[in-house]
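Results of the structural survey
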Amino acid sequence: MRIGIIGAGALGGTFAALLDRAGHEVVVTARGAQLDAIREHGLRLEGGYGDALARIAALPALAEPPELAFLAVKAQDAASAAAQNAAALAGVPVVVVQNGVRGPQALREALPDSPLIGAASMIAASYLSPGVVTVTAPGVTVLARDSASDTALRTAADLLGSVVAVRTAPDLAGVQWSKLVVNQLNAAPAVTGIGLQEALRSAPLTAAVAAAMRETIRVARADGVRLTGLPALSPGLLRTLLLLPLPLAARVLRRGVLQRMGDVPNPGSTLQSIRRGRPSEIDHLSGAVVEAGQRLGVPTPVNRRIVELVHRIEATGGFLPPDEAGRRLVG
């Protein structure tokens, strides 16, 4: 199948390399050093799915329509990327692999003729060097349709499911908010500049992350969202995060994350953006929780402090020791 992948970063690059290895005709879009590296040396995949070198076409924008497309850029870049590739994507099913709660819903105007599918992935992948993507932990990717038909959803799930673990869900909002709960883990590396596993060895910082998750769960529930979209976020874990005293909930969270992640440091997507000197998605992660909390009358003080602190670090590069970061976030 001819597959277009818009955004050859951590997840887009992972999917591109795996689909190329499976024999599909893959074209990616990229920019700057990443575009140059892929054109000159190919796209190298390392880590959890084995090593692969994908000799794939790389362009600033798609030159012709694929049969299926994946849009895997940061939330703040999604609208411009969709507009830039709109001509090639007209009528093409598009899987929007994105954090936050806007996803394909925000692209209906830019891609009015494209059947849209939302995706949330639990694959932990890093893109820190041009032309190289490292998978620190494989995981499930969950698809849910927006404007696409059930047939288009099944086609996309079957294709992606041939190279990674895939599930489908009936409720896109449930998938998006479930991933937003998990995305609160991004705050720990983002404010400390170290990998997630090391950051969560700090009890105050782990408690802050658990508190941010609690706020996200409460906001989602106040908005009528059922958090059933991701297998990593079981009803039991939701109850644990909400009902146990915060120090105990934090211990459960730390144990689960460390068991899943293993020993390879996971920087998280927010820290990856900071390290590359690019704007992070924080306004679409914790910022989305704050915005919805204001609308629904649900307090979100920890998420608000996360947004403020990450923006300060983006501007100054002044990371904090984990314990200090945790104390600042909980207040």
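It should be noted that the structure appears before, not after, this text.
The structure contained in this document is the topic of the report that follows. Values in this document were obtained by computation on a predicted structure and should not be read as measured data.

1. Quick word on the environment of Ser178
With respect to the element layout, Ser178 can be found in helix α6 (residues 172-183). The contact partners of Ser178, leaving out residues within four places of it in the chain, are Leu227, Thr228, Gly229, Leu230 and Leu233.

2. So, the pairing of strand β9 (residues 124-129)
Both β9 and strand β10 (residues 132-137) contribute to a ladder of four bridges, which runs antiparallel. The residue of β10 that forms the bridge with Ala125 is Val135. Joining the antiparallel neighbours β9 and β10 is a turn of two residues, in which Gly131 adopts a positive phi near 85°.

3. Overview of the packing of helix α9 (residues 203-222) against helix α14 (residues 301-316)
One way to put it is that α9 packs onto α14 with a least axis distance of 8 Å and a crossing angle of 115°. Judged by the twist between their axes, the crossing of α9 over α14 is left-handed. Across the interface between the two elements, Ala208, Ala211, Ala212, Glu215 and Thr216 from α9 touch Pro301, Val302, Asn303 and Ile306 from α14. Partitioned by chemical class, the residues of the contact of α9 with α14 number six nonpolar, two polar and one charged.

4. Topic: the pattern of salt bridges
Counted under the stated rule, the structure contains nine salt bridges. For Glu46, the salt bridge is made with Arg44, and the minimal N-O distance between the two is 2.1 Å. Note on Glu46: relative accessible area 24%, which makes it partly exposed. Across the pair Arg108 and Asp146 runs a salt bridge whose closest N-O atoms are separated by 2.5 Å. Placement of the pair is Arg108 in the loop between β7 (94-97) and β8 (116-121) and Asp146 in the loop between β11 (141-145) and α5 (150-161), with a sequence separation of 38 residues.

5. Observations concerning the sheet that holds strand β2 (residues 25-29)
As summarised here, the arrangement of the eight strands in space is β5-β2-β1-β6-β7-β8-β11-β12, forming an open sheet in which the pairing is mixed. With partners counted over all chains shown, the strands left at the sheet margins are β5 (57-59) and β12 (166-168), one partner each. For this sheet, the mean inter-axis angle between neighbouring strands, taken without regard to orientation, is 25°. Where strand β1 (residues 2-6) and β2 come together, five bridges link them in parallel fashion.

6. What about the sheet that holds strand β4 (residues 52-54)?
Pairing within the open sheet is mixed, and its four strands lie in the order β4-β3-β10-β9. Every interior strand has two partners, whereas the edge strands, β4 and β9, have only one. Adjacent strand axes in the sheet meet at a mean angle of 25° when their direction is disregarded. Pairing geometry for strand β3 (residues 43-47) and β4, over three bridges, is antiparallel. When the sheet's bridge partners are listed, Leu45 is paired in β4 with Ala52. Strands in contact with helix α2 (residues 32-41) are β3, β4 and β9; relative to β3, the strand with the most contacts, it is inclined by about 95°.

7. Thoughts on the environment of Leu230
If you trace the backbone, Leu230 turns up in the loop between α9 and α10 (235-243). Take Leu230: its relative accessible area is 4%, and that puts it in the buried class. Taking the C-alpha atoms as reference, Leu230 lies 8.9 Å from Ser121; in sequence the two are 109 residues apart. Excluding anything up to four places from it in sequence, Leu230 contacts Ala120, Met122, Val142, Ser178, Lys179 and Val182.

8. Details of the side chain of Arg214
Position of Arg214 among the secondary structure elements: in helix α9. No salt bridge is formed by the buried Arg214; the nearest opposite charge belongs to Glu215, separated by 9.4 Å. When residues no more than four places from it in sequence are discounted, the contact partners of Arg214 are Leu241, Leu242, Leu243, Leu244, Pro245, Leu246 and Ala249.

Here is what the cut-offs are and how they apply
- Residues numbered from 1 in each chain as written.
- Predicted model: local features only at pLDDT ≥ 70, side-chain atom pairs only at ≥ 80, totals over all residues.
- Heavy atoms only, no water.
- Helix = DSSP H or I, 4+ residues; strand = E, 2+ residues; numbered from the N terminus.
- Contact = heavy atoms within 4.5 Å.
- Pairing = 2+ DSSP bridges.
- Axes fitted to C-alpha atoms, helices over the stretch in contact; angles between N-to-C directions.
- Left-handed = near helix turned anticlockwise from the far one by under 90°.
- Nonpolar A, V, L, I, M, F, W, Y, C, P; charged D, E, K, R; others polar.
- Salt bridge = Lys/Arg side-chain N within 4 Å of Asp/Glu carboxyl O.
- Buried < 20%, exposed > 50% of the residue type's maximum accessible area, 1.4 Å probe, protein only.
- Lys, Arg positive; Asp, Glu negative; His and termini not counted.

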